There are 2 protein chains.
Amino acid sequence: VNTGELYVVGLGPGHPDLLAPRARTVLAAADVVVGYRGYLALLDPWLPLRGVVATELTREVERAVIAVDRAWQGERVAVVSSGDAGVYGMAGLVLEVLAARNWDPEQGPTVEVVPGITAITAAAAVVGAPLMHDFAVVSLSDRLTPWPVIHRRLEAAAQADFVIGLYNPRSARRTAPLEAARRILLGFRRPDTPVAVVRNAYRPGQAVRLCTLETFVPEEVDMFTTVIVGNTSTRVYRGRLVTPRGYRVDAKAPQAP
Amino acid sequence: VNTGELYVVGLGPGHPDLLAPRARTVLAAADVVVGYRGYLALLDPWLPLRGVVATELTREVERAVIAVDRAWQGERVAVVSSGDAGVYGMAGLVLEVLAARNWDPEQGPTVEVVPGITAITAAAAVVGAPLMHDFAVVSLSDRLTPWPVIHRRLEAAAQADFVIGLYNPRSARRTAPLEAARRILLGFRRPDTPVAVVRNAYRPGQAVRLCTLETFVPEEVDMFTTVIVGNTSTRVYRGRLVTPRGYRVDAKAPQAP
């Protein structure tokens, strides 16, 4: 029996007030925490770590292999993602590497995925309540997914009137997909459809811009930005984005508690 | 200027280890916490509250009005939802009631939405990593949404190969939509498409069932259940559900850290 322990941990937005206590406990107890340099930096200096392996952004497979390997050697290992580790994060990759090694859960190492607050709900909270109705989450990164698949999903989500959250919307080198996405959505939604551009939610430098599909400026978007596109009901009330769920709300006198 | 404070707080799954510290702080400091009786019970006895207004499940508008009213009177008020308050939760309704009252953010009361871990990412963490690729979240409740809208969204999400999360899948009285949804999805996905049925994630009585679109038993599903339907790539590895993101993973020897 292998006594190693492997945790895949979502850091949430990166602010200590939004990190789950379970995540904090696991990170503090880990022999080694494996992650992208930039996410590990979010924990510094408020969460001291006992050991760290920091790599660059695109080295996900390398990080998963290191983590599995060290857990296999009996260590207590945590792998981190920002947001929720199960949403375009490290959880799937770690399980794939374990499967390739013929991991047997009965023999160990033990594996636990610790959920976190994912980017779209963090961004939504910052701008109001745009996710009160059905929504679709689409990553615009075509590094691992062919563009026609992304295109088809954007079209389907727009056509069926989903609120749409865009992850990985734009990087320094990958600028075309975001403008292409805007054009696809404009084929199904009015130009004045509300759009929220939330950069660094709950992090230093947080910046929010409410605009529309028409006035949207792709240049303001980077890999630390989440974009939320409203459905046909989404409105801006007093500077907050709200997608009504369909309740009848009027200005009637309040009922007594 | 109105000095009231209004917080709309996501409780996450309901386990203390997964409640954001910000949520805990806000709840402990509130003069009154307003919520559905069953969700407030999740906090008892580990989080003492100073004052409580508990109502039944369908009284959302009443709860929003009470909360806004008491904040308007200068109190510090928290309204709770399970999961994330911005995902089919109380955040939108509270903002709609404020708008109906001509709320002016400059004059107060202040309003803050505190994000939480939403049901689909909690359920995903319990079963593995099914949300590694694009996903759509659809509520099957036809109380506020006409069934044809729900039908169209299920069809679009299935057609474009989204992983699909079903919220509010089935209640004691509302049993037809879940079976209808299963039939719609079977029109686009293989009968052996993996399905995870997660009841009471991270709560007492947590129950997980991995099945397929074909072997799925709707009777096991209730309002405390989240259903995740895999896309065409989703697989079961060692009892965990994984949707590969497309990385090349093989059993090669690990690289040195």
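All figures in this text were calculated on a predicted structure; none of them were measured in a lab.

About the cut-offs
- Residues numbered from 1 in each chain as written.
- Chains lettered and ligands numbered in written order.
- Predicted model: local features only at pLDDT ≥ 70, side-chain atom pairs only at ≥ 80, totals over all residues.
- Heavy atoms only, no water.
- Least-squares fit on C-alpha atoms with pLDDT ≥ 70 in both.
- Helix = DSSP H or I, 4+ residues; strand = E, 2+ residues; numbered from the N terminus.
- Buried < 20%, exposed > 50% of the residue type's maximum accessible area, 1.4 Å probe, protein only.
- Polar contact = N/O pair within 3.5 Å; in protein donor to acceptor, adjacent residues only side chain to side chain.
- Phe/Tyr/Trp six-rings, centres within 6.5 Å; stacked < 30°, edge-to-face > 60°.
- Contact = heavy atoms within 4.5 Å.
- Buried area = accessible area lost by both parts, 1.4 Å probe.
- Salt bridge = Lys/Arg side-chain N within 4 Å of Asp/Glu carboxyl O.
- Nonpolar A, V, L, I, M, F, W, Y, C, P; charged D, E, K, R; others polar.
- Pairing = 2+ DSSP bridges.
- Axes fitted to C-alpha atoms, helices over the stretch in contact; angles between N-to-C directions.
- Core = buried A, V, L, I, M, F, W, Y, C linked by side-chain atoms within 4.5 Å.
- Parallel < 35°, antiparallel > 145°, perpendicular 65-115°, else oblique.
- Left-handed = near helix turned anticlockwise from the far one by under 90°.

Colleague: Is there a simple way to explain the relation of the copies chain A and chain B in this structure?
Modeller: Think of it as a corkscrew move, a rotation about one axis and a shift along it, taking one chain copy to the other. By a simple turn and slide, chain A fits onto chain B: the slide is 0.0 Å along the axis, the RMSD is 0.0 Å, and the turn is 180°. Here the copies are linked by what is in effect a two-fold axis. Relative to the rotation axis, the C-alpha of A:Ala136 is the closest in chain A, positioned 2.0 Å from it.

Colleague: I keep staring at the environment of B:Glu112 and nothing clicks. Help me out?
Modeller: All names here are of chain B. Tracing the backbone shows Glu-112 in strand S5 (residues 110–114). Given the relative accessible area of 24%, Glu-112 is considered partly exposed. Note: C-alpha distance between Glu-112 and Thr-145 (33 residues apart in sequence) is 27 Å. Here Arg-22 takes part through its side chain, which lies 2.7 Å from a polar atom of the side chain of Glu-112.

Colleague: How should the packing of aromatic side chains be read in this particular structure?
Modeller: All names here are of chain A. What the rule picks out here adds up to four aromatic pairs over all chains. When the ring of Tyr-88 is compared with that of Tyr-167, the centres are 5.3 Å apart and the planes differ by 50°; the resulting orientation is tilted. One end of the pair, Tyr-88, is in the loop between strand S4 (76–81) and helix H4 (90–100); the other, Tyr-167, is in strand S8 (residues 163–167), with 79 residues separating them in the sequence. The exposure class of Tyr-167 is buried, given its relative accessible area of 8%.

Colleague: In this structure, what is going on with the interface of chain A and chain B? I would like to understand it.
Modeller: Put simply, an interface is often sized by how much accessible area is lost when its parts join up. Contacts between chain A and chain B engage 85 residues on the former and 85 residues on the latter. Summed over both sides, the interface of chain A with chain B buries roughly 7600 Å², with 62% coming from carbon and sulfur. By the criterion of area lost to chain B, the three top residues of chain A are A:Arg153, A:Arg238 and A:Tyr247, representing 11% of everything that side buries. Our enumeration of links across chain A and chain B arrives at four salt bridges. A:Asp134 serves as the salt-bridge partner of B:Arg153, at 2.8 Å between the closest nitrogen and oxygen. Between the two partners, chain A and chain B, sit 32 residue pairs in polar contact (both at pLDDT 80 or more). Sort the elements by how many residues they give to the side of chain A that touches chain B and H4(A) lands first, with eight residues. Tallied by class, the residues present in the side of chain A that touches chain B amount to 47 nonpolar, 17 polar and 21 charged.

Colleague: Would you explain the sheet that holds strand S3 (residues 52–55) of chain A in this entry?
Modeller: Backbone hydrogen bonds hold the strands of a sheet together, and the pairing may be parallel or antiparallel. Residues and elements named next belong to chain A. Spatially, S3-S2-S4-S1-S5 is the arrangement adopted by the five strands of the open sheet, whose pairing is parallel. Two strands bound the open sheet, and with one partner strand each, they are S3 and strand S5 (110–114). Across the sheet, the mean angle from the axis of one strand to that of its neighbour is 15°, orientation sign disregarded. The sheet contact formed by strand S1 (residues 5–10) and S4 spans six bridges and is parallel. What sits directly across from Glu-5, in S4, is Arg-76. Sheet contacts for H4: S1, S4 and S5; angle to S1, the most-contacted strand, approximately 155°.

Colleague: So what exactly am I meant to see when it comes to the sheet that holds strand S11 (residues 225–229) of chain A here?
Modeller: The 10 strands lie next to each other as S10(A)-S9(A)-S11(A)-S8(A)-S7(A)-S7(B)-S8(B)-S11(B)-S9(B)-S10(B), forming an open sheet whose pairing is mixed. Only two strands of the sheet have a single partner each, and these edge strands are strand S10 (207–212) of chain A together with strand S10 (207–212) of chain B. For this sheet, the mean angle separating the axes of adjacent strands, direction not counted, is 15°. Pairing of strand S7 (residues 135–139) of chain A with S8(A) involves five bridges; the strand directions are parallel. Across the sheet, the residue bridging to A:Val137 is A:Gly165, located in S8(A). Taken strand by strand, helix H5 (residues 119–127) of chain B contacts strand S7 (135–139), strand S8 (163–167), strand S9 (194–199), S10 and strand S11 (225–229) of chain B, and its axis lies near 70° from that of S11(B).

Colleague: Any chance you could explain the nonpolar core here in plain terms?
Modeller: As a rule of thumb, nonpolar side chains are buried together in soluble globular proteins. Ranked by internal contacts, the top residues of the largest apolar core, which has 78 residues, are A:Val9, A:Leu27, A:Phe135, B:Val9, B:Leu27 and B:Phe135. When sequence neighbours within four positions are dropped, the list of residues in contact with A:Val9 reads A:Ala23, A:Val26, A:Leu27, A:Ala78, A:Val79, A:Val80, A:Ser81, A:Ala85 and A:Val114. Of all hydrophobic cores here, the second largest spans 48 residues; its members include A:Leu154, A:Ala181, A:Val197 and B:Ala158.

Colleague: Quick question: what am I supposed to make of the packing of helix H3 (residues 60–72) of chain A against H4(A) here?
Modeller: All names here are of chain A. Interhelical geometry of H3 versus H4 gives an angle of 55° and a closest axis separation of 9 Å. Relative to H4, the element H3 is oriented oblique. Where H3 crosses over H4, the handedness of that crossing is right-handed. Of H4, the residues touching H3 (which contributes Glu-60, Val-61, Arg-63, Ala-64, Val-65, Val-68 and Trp-72) are Met-90, Leu-93, Val-94, Val-97 and Leu-98. Residue composition of the contact of H3 with H4, by class: 10 nonpolar, no polar and two charged.

Colleague: Would you explain the packing of helix H6 (residues 147–159) of chain A against helix H7 (residues 176–186) of chain A in this entry?
Modeller: Packed helices, taken two at a time, are described by their axes: the angle between them and the distance between them. Residue and element names in this part refer to chain A. Look at H6 against H7: their axes get within 9 Å of each other, and the N-to-C directions meet at 35°. Once H6 is placed against H7, the crossing between them reads as right-handed. Along the contact surface, H6 presents Trp-147, His-151, Leu-154, Glu-155 and Ala-158, while H7 presents Pro-177, Ala-180, Ala-181, Ile-184 and Leu-185. Of the residues assigned to the contact of H6 with H7, the class counts are eight nonpolar, one polar and one charged.

Colleague: Which parts of the structure should I look at to understand the pattern of salt bridges?
Modeller: Should their charged atoms come close, side chains of opposite charge can pair. Applying the stated rule across the entire model yields 32 salt bridges over all chains. Note that B:Arg209 is salt-bridged to B:Glu220, the shortest N-O span being 2.8 Å. Of this pair, B:Arg209 sits in strand S10 while B:Glu220 is found in the loop between S10 and S11, placing the two residues 11 residues apart along the sequence. Here B:Arg209 falls in the partly exposed class, since its relative accessible area comes to 33%. For B:Glu220, a relative accessible area of 36% corresponds to the partly exposed category. A cluster of three or more residues bridged by salt bridges with shared partners is formed by A:Asp134, A:Asp161, A:Arg189 and B:Arg153.

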